[in-house]
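# Fold and contact review
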Amino acid sequence: QVQLVESGGGLVQAGGSLTLSCAASGGTWKTMGWFRQAPGKEREFVAAVSWSDGFPYYTDSVKGRFTASRDNAINTGSLQMNNLKPEDTAVYFCAASPLRIGVASSQYNAWGQGTQVTVSS
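Heads up: these notes are all about the structure in this document. (Residues numbered from 1 in each chain as written. Predicted model: local features only at pLDDT ≥ 70, side-chain atom pairs only at ≥ 80, totals over all residues. Heavy atoms only, no water.)

### Brief notes about the packing of aromatic side chains
Counted under the stated rule, the structure contains 7 aromatic pairs. Here the aromatic rings of W29 and W51 are separated by 5.4 Å at their centres, their planes lie at 65°, and the arrangement is edge-to-face. Of the two residues, W29 sits in the loop between β3 (18-25) and β4 (31-37) while W51 sits in the loop between β5 (44-50) and β6 (56-58), which places them 22 residues apart along the sequence. As far as burial versus exposure is concerned, W29 and W51 are alike and both buried. Look at F93 and W111: their rings are 6.4 Å apart centre to centre, the planes differ by 80°, and that puts the pair in the edge-to-face class. (Phe/Tyr/Trp six-rings, centres within 6.5 Å; stacked < 30°, edge-to-face > 60°. Helix = DSSP H or I, 4+ residues; strand = E, 2+ residues; numbered from the N terminus. Buried < 20%, exposed > 50% of the residue type's maximum accessible area, 1.4 Å probe, protein only.)

### Looking at unusual backbone geometry
Within the chain, N75 stands out as a residue other than glycine whose phi angle is a positive 50°. Considering the arrangement of structural elements, one finds N75 in the loop between β7 (66-71) and β8 (76-81). Despite not being glycine, N83 has its phi angle at roughly 45°, a positive value. Mapped onto the elements, N83 comes out in the loop between β8 and β9 (90-97). According to the relative accessible area criterion, N83 is partly exposed, its value standing at 42%.

### Some thoughts on the pattern of salt bridges
Within the structure shown, the criterion is met by 5 salt bridges. The salt bridge partner of R36 is E44, with a shortest N-O separation of 2.6 Å. A relative accessible area of 6% means that R36 is categorised as buried. Note that R36 is salt-bridged to D88, the shortest N-O span being 2.9 Å. Pair noted here: R36 is in strand β4 and D88 is in the loop between β8 and β9, with a separation of 52 residues, a long-range link. A single network of salt bridges, built from pairs that share partners, joins R36, E44, R65 and D88. (Salt bridge = Lys/Arg side-chain N within 4 Å of Asp/Glu carboxyl O.)

Set out below in structure tokens:
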């Protein structure tokens, strides 16, 4: 069973940057994904990275601003978030999937605890 522990997040002004990290242990996975959930909204896909080759995939709203990556040596994935906007405010979750690049939350079978990202205007 894969276990995920997130770190990072916090409060930042619009235009600022934050980096989220997700340390993985146990089990195996092919993709690490990032999702977010804002108050009153459904959880939505943000980005994913293939664990084998580092291929990233992004939802349109974060393309050019967010970068998903992974470090196989330390089993840690990262989400670098630049030029943050107030609409990026949400709880962010990392997740692990046995499938290659999934955008549906149902494709992921392990989840981190979530970390709050708040972007002030």
